[in-house]
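One letter stands for each residue in the lines below.
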Amino acid sequence: MSEKKKFYVTTPIYYATARPHLGTLYSTVLADISARWHKIQNIDTFFLTGTDEYGQKVAQAAEAENKDPKDFVDGFIDAYKDLWKKYEIDYSHFIRTTDDAHLQAVQYWLVELQRKGDIYKGAYEGWYCTPCETYLTEKDFEKGTKEPACPSCERSTKWVSEECFFFKLSAYQDRLLRFYKDNPDFITPKERAAEVVKFVEGGLQDLSISRTTISWGIPFPDSEHHVTYVWADALNNYITGIGYAQEGRKEEFEKWWPADMQVIGKDIVRFHAIYWPAFLMASGLKLPKQLLVHGWIKMGDHKMSKSRGNAVDPQELLKNYGADAVRYYLARQIAVTQDGQFSIKDLEQRIESDLANDLGNLLNRMATLAEKHDATSLKEQSSWTPGEEALRAAAHATIKDFTQEMERGFYHMALSHVWKLLNQTNAYFHSQEPWKLVKSDREAFIRTLSATCHSLETTAVLLWPVMPKKMETLFASIGHSIKPGTNYVERIKGSWNSSFTIKKGSTLFEKPEKIEEKETKKETVEEPKKNFAKIDDFVKLEFRVGTIIECEEVAKSEKLLKLKVDLGEESVRTIFSGIKEWYQPADLIGKQAVFIANLKPRKMMGEESQGMMLCCDDETGKPCLSTVQYPVPNGSLLT
Ligand code: MSP
């Protein structure tokens with residue numbers, strides 16, 4: 001019998017020293033997207049998140065506020081849970097490292113590893129970074145440096161000298177290197193994997209995993225003046241949170257472990273890609289399948305963080321833009337593998353152009369027409385025209401491309417495929433001119449609405465992991481819903497045979513008020529020389545891709561070629577271009593180029609030119625056609 005598929009995803013557990021900010025929301029949204037992507041395929045999914053509550057960093061923060069550490073950390077839990085709820089983070093369990101079950105399981109783990117000889121007592125001397133809760137290794141600083149800065153956070157470190165327990169990390173060097181080699185997909189993206197391999201190849205020292213100079217931590221069994229080093233405690237949350245070493249939870253643990261995806265930020269790769277696998281090897285447990293390492297959200301040159309005082313409060317964003325739009329922005333705007341700048345302007349632009357225009361408007365126009373012409377109940381179609389078949393093929397191709405990107409955690413890429421489909425659907429809808437079709441061919445009109453609904457259904461399924469609430473509203477607008485127990489991704493891969501009941505609801509995405517614009521007005525006044533275009537200026541122009549299907553010289557003109565261009569519309573357009581001096585008609589036929597499709601038609605040589613082809617001059621002055629990287633459907637909109 002084949003094993004039922006399962007998916008186990010985790011976030012890092014967050015230091016309970018402050019309320020969550022946009023950076024911590026980012027890790028959590030990525031994990032939620034991945035969890036939901038599996039849920040919508042009816043795959044049994046477990047999603048673990050929580051808080052990291054022990055260690056010196058937390059103890060110092062509590063002391064600074066004159067609070068008992070436990071009372072101090074308790075004070076942040078509601079803020080996390082409340083924010084996750086508002087951002088639709090559908091986790092299965094919220095673990096706190098101060099939970100008794102976690103504490104006992106970690107102590108069991110310590111005893112086990114001592115018994116096996118992987119943990120031994122010794123003495124530690126070296127530099128320690130409290131904000132990162134990390135020991136510097138010799139590779140991290142030049143010998144003889146006084147108080148070296150931490151290589152990760154650049155803050156000062158302090159000298160620590162104490163008796164401690166060590167984990168025999170050095171014994172795992174070869175096994176780790178073999179594991180990375182045999183599992184090239186363990187770390188995404190690959191550049192991070194290369195850094196890890198290099199670090200391990202450089203040699204591993206045993207790791208100090210207990211402290212005697214602090215008391216806020218999990219007591220070491222039988223050596224109670226030692227507390228467990230916070231990372232040795234915290235990393236284990238990924239197994240204790242699903243039942244490791246807990247009575248009556250063996251089956252549960254075996255069901256979920258190993259984790260399928262662990263989302264982490266690039267600052268904690270060393271802990272997750274070196275220490276954590278070594279701990280697991282020592283425990284005789286399987287290793288996680290994939291670490292998805294994301295970059296930082298930055299403000300200017302710096303990582304966004306509470307301690308730097310540059311953190312954006314996600315609660316504020318919620319008030320202005322709503323959870324789904326912010327989730328979309330985080331997943332789409334910031335390439336998961338790189339650092340990204342946070343900008344309200346970009347967020348508003350994404351909402352206006354991607355969500356309100358490309359998606360919301362399409363739904364709205366389709367639903368308005370359906371209601372106006374009494375066509376809200378759409379039955380299964382018996383046949384499709386080549387135009388709709390092409391759209392269906394595009395939708396199926398999108399599902400394939402989207403799936404591939406989602407599997408490796410490249411959500412920004414996955415989303416760009418959905419927008420390609422949305423552009424194709426908009427182009428199809430436009431070219432069908434259903435508002436005219438309804439008067440001449442009702443059957444074709446209904447078919448157009450149905451094809452558009454099918455494409456929107458595909459869009460809603462693929463976007464649900466990112467924008468669950470809004471996509472549920474979209475579903476409701478076409479008379480469908482998402483319920484557990486169905487593999488919706490499999491369903492949209494099938495032939496287009498759905499029926500729909502269209503209900504025009506309120507606007508799916510409101511265009512944001514231009515808060516930022518008001519603020520930047522001042523700057524624009526101060527810098528009048530920079531001739532910035534506003535996004536409104538840009539969206540006024542329709543840049544579309546078209547194929548030149550015919551081309552001839554205009555006899556009476558020295559400059560002009562007359563082009564027939566397929567812009568994905570019912571009829572081809574006539575467009576004149578002043579490039580005769582450089583091109584023969586045969587050079588151009590079959591080529592795709594970018595055209596401004598909504599310029600007011602202009603009479604040229606007695607005929608109307610219905611658009612403009614875009615070119616730039618090369619270094620010799622010859623016009624070079626602007627084109628796209630690879631063929632796309634005619635009519636595709638440049639955004
Ligand atoms: N407690 C440890 C993790 C232990 S996991 C066993 C920790 N906590 S943290 O609160 O400092 O950070 C947790 C996660 O939030 C990290 O993955 C970190 O990269 C992420 N982020 C914190 N600020 C961030 C940004 N500005 N941008 C992106 N991610 C950020 O480390």
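Here goes a summary of the coordinates provided. Numbers given to residues run from 1 along each chain, matching the order in which its sequence is written. Local features in a predicted model are, by the rule used here, given only for residues with pLDDT of at least 70; side-chain atom pairs are given and counted only at 80 or more, and totals for whole chains, interfaces and linings are based on all residues. To get the side-chain values, all heavy atoms of the structure are used, and hydrogens and water are removed first.

## Regarding the layout of surface pockets
Put simply, the rule reads: The definitions used throughout rest on a 1 Å grid laid over the protein atoms alone, on which a cavity is an enclosed set of points accommodating a 1.4 Å probe that cannot get out and a pocket is an open set flanked by protein within 12 Å on both sides along at least five of seven lines; lining residues are those having an atom within 4 Å of a point. Grid points are joined across faces, edges and corners, and a volume is the space filled by probe spheres set on the points. Here the nonpolar group is Ala, Val, Leu, Ile, Met, Phe, Trp, Tyr, Cys and Pro; Asp, Glu, Lys and Arg are the charged ones; every other residue, Gly included, is treated as polar. Comment: elements are numbered from the N terminus, with helices defined as DSSP H or I runs of at least four residues and strands as E runs of at least two.
Empty space within the largest pocket amounts to approximately 1300 Å³. Around the largest pocket, the lining comprises 49 residues; the ones closest to its centre are Y15, K57, D267, K303 and S305. By residue class, the composition of the lining of the largest pocket is 22 nonpolar, 16 polar and 11 charged. Reported here for the second largest pocket is a volume of approximately 1000 Å³. Mapped onto the lining of the second largest pocket, the elements with two or more residues apiece are α12 (323-333), α13 (344-372), α15 (411-432), α21 (535-540) and β20 (543-553). No other element matches the nine residues that α13 contributes to the lining of the second largest pocket. In the lining of the second largest pocket, the residues fall into 12 nonpolar, 13 polar and nine charged.

## Observations concerning helix α14 (residues 386-408)
To keep it simple, the criterion reads: For a helix, the expected span equals 1.5 Å multiplied by the number of residues minus one. Relative accessible area decides the class of each residue, using a 1.4 Å probe on protein chains only: under 20% of the type maximum gives buried, over 50% gives exposed, and in between gives partly exposed. Contacts are assigned to residue pairs that have any heavy atoms within 4.5 Å of one another.
Relative to the 33 Å expected for 23 residues at 1.5 Å per residue, α14 spans 34 Å between its end C-alpha atoms, a close match to the ideal helical length. Those residues of α14 lying buried are E388, L391, A394, A395, T398, I399, F402, T403, E405 and M406. Of the surrounding secondary structure, the elements contacted by the buried residues of α14 are α1 (22-39), α15, α17 (442-463) and α19 (488-492). Of the residues trailing α14, G409 is marked for its positive phi of about 85°.

## As for the sheet that holds strand β12 (residues 223-228)
Using the following cut-off: Strand pairing follows a simple DSSP-based rule, namely that at least 2 bridges must link the two strands.
The three strands are arranged β10-β12-β11 in an open sheet whose pairing can be described as antiparallel. Pairing within the sheet leaves two strands with one partner each, and these edge strands are β10 (210-211) and β11 (219-220). Bridging between β10 and β12 involves two bridges; their strand directions are antiparallel. Residue pairing in the sheet places S210 in a bridge with T228 of β12.

## A few points about the side chain of T188
Note the threshold: Definition of a polar contact: a pair of N or O atoms within 3.5 Å, with one able to donate and the other able to accept a hydrogen when the atoms are protein atoms, and with sequence-neighbouring residues admitted only if both atoms are side-chain atoms.
In this fold, T188 is placed in strand β8 (residues 187-188). Here Q290 takes part through its side chain, which lies 2.9 Å from a polar atom of the side chain of T188. If sequence neighbours within four positions are ignored, T188 has contacts with Q290, L291, L292, V293, R408 and F410.

## Looking at empty space enclosed by the protein
Applying the stated criterion to the full structure yields one cavity of 30 Å³ or more. Forming the walls of the largest cavity are R19, P20, A79, L83, K306, D313 and Q315. Of the residues assigned to the lining of the largest cavity, the class counts are three nonpolar, one polar and three charged.

## Topic: the nonpolar core
Most often, soluble globular proteins keep nonpolar side chains buried together rather than apart. Rules: The definition of a nonpolar core used throughout is a set of buried Ala, Val, Leu, Ile, Met, Phe, Trp, Tyr and Cys residues joined through side-chain atoms within 4.5 Å.
Ranked by internal contacts, the top residues of the largest apolar core, which has 168 residues, are F167, I209, W257, I274 and L330. For I274, the residues in contact, after removing those within four places along its chain, are L169, L176, Y180, V196, F199, V200, L204 and V269. Listed in part, the 15 residues of the second largest apolar core include V565, L567, I579 and A597.

## Some details on a nonpolar patch on the surface
Filter applied, for reference: Patches draw on residues past 30% relative accessible area with no salt bridge. Two like charges within 9 Å are joined, as are two nonpolar side chains (Val, Leu, Ile, Met, Phe, Trp, Tyr) within 5 Å. For accessible areas, the Shrake-Rupley method is used with a probe of radius 1.4 Å. Any residue's cover is judged against the shown protein chains and nothing else. Basic side-chain nitrogens of Lys or Arg form a salt bridge, by our definition, when they fall within 4 Å of a carboxyl oxygen of Asp or Glu.
Together, L541, L599 and M612 give the surface a local cluster of nonpolar side chains, amounting to about 220 Å² of exposed area. Position of M612 relative to the elements: it lies in strand β26 (residues 612-613).

## Comments concerning the side chain of Q592
Tracing the backbone through its elements, the reader meets Q592 in strand β23 (residues 592-596). Overall, the relative accessible area of 14% leaves Q592 in the buried class. There is a polar contact of 3.4 Å between the side chain of Q592 and the side chain of T547. Here V632 takes part through its backbone oxygen, which lies 2.7 Å from a polar atom of the side chain of Q592. Those residues in contact with Q592, other than ones at most four positions away along the chain, are V545, G546, T547, S626, T627, V628, Y630, P631, V632, P633 and N634.

## A word on helix α10 (residues 269-283)
The following threshold applies: The bend at a residue is defined as the angle formed between two axes, one fitted to the seven residues ending at that residue and one fitted to the seven starting there.
For α10, with 15 residues, the first-to-last C-alpha span of 20 Å sits near the 21 Å given by 1.5 Å per residue. Along its length, α10 shows its largest kink, about 30°, at Y275, and proline P277 lies within four residues downstream of that point. Burial of α10 is extensive: 14 of the 15 residues sit out of reach of the surface. G284 sits one or two residues past α10 and shows a positive phi near 75°.

## Remarks on the pattern of salt bridges
Between side chains of opposite charge, a pair can form as their charged atoms come close. Here the structure, examined in full by the defined rule, presents 32 salt bridges. In this structure, the salt-bridge partner of D354 is R332, at a minimum N-O distance of 3.4 Å. Placement of D354 in helix α13 and of R332 in helix α12 is noted, with a sequence separation of 22 residues between them. The burial state of D354 is the same as that of R332; both residues are buried. Residues participating in the shared-partner salt-bridge network are E53, K70, D74 and R96.

## What about the packing of aromatic side chains?
Put simply, the test is: Here a Phe, Tyr or Trp ring, Trp counted by its six-membered ring, pairs with any other such ring whose centre lies within 6.5 Å, and the pair is stacked when the planes are under 30 degrees apart, edge-to-face when over 60, and tilted otherwise. Note on geometry: a ring has a charge over it if NZ (lysine) or CZ (arginine) is within 6 Å of the ring centre and within 35 degrees of the ring normal.
As enumerated under the stated definition, the model contains 36 aromatic pairs in all. An angle of 20° between the planes, with centres 5.6 Å apart, marks the rings of Y120 and F166 as stacked. Here F166 lies in strand β7 (residues 158-167) and Y120 lies in strand β5 (residues 119-129), a separation of 46 residues in the sequence. On the basis of an interplanar angle of 80° and a centroid distance of 5.9 Å, the ring pair of W384 and W496 is categorised as edge-to-face. Residue W384 is located in the loop between β18 (377-378) and α14, and its partner W496 is located in the loop between α19 and β19 (500-501); the two are separated by 112 residues in the primary sequence. A single burial state applies to W384 and to W496, both of which are buried. Three or more aromatic residues joined by ring pairs form one cluster here, namely Y8, F46, Y108, Y238, Y244, F253, W256, W257 and W276. Of note, R211 hangs over the ring of Y128, and the distance from its end group to the ring centre comes to 4.4 Å. For K470, the ring lying beneath its charged end belongs to F509, and the centroid distance is 5.3 Å.

## Thoughts on the packing of helix α5 (residues 173-182) against α10
Put simply, the rule reads: Helix axes use the C-alpha atoms of the stretch in contact, all axes being lines fitted to C-alpha atoms, and the angles between their N-to-C directions lie in the range 0 to 180 degrees. Orientation is classified from the angle alone, with under 35 degrees giving roughly parallel, over 145 giving roughly antiparallel, 65 to 115 giving roughly perpendicular, and any other angle giving oblique.
Close contact between α5 and α10 brings their axes to 10 Å; oriented N to C, the two are set at 105°. Taken together, the axis directions place α5 and α10 in an arrangement best described as roughly perpendicular. For the pair formed by α5 and α10, the contact residues are R175, L176, F179 and Y180 on the first element and A273, I274, P277, A278 and M281 on the second. Each residue belonging to the contact of α5 with α10 can be placed in one class, and the counts come to eight nonpolar, no polar and one charged.

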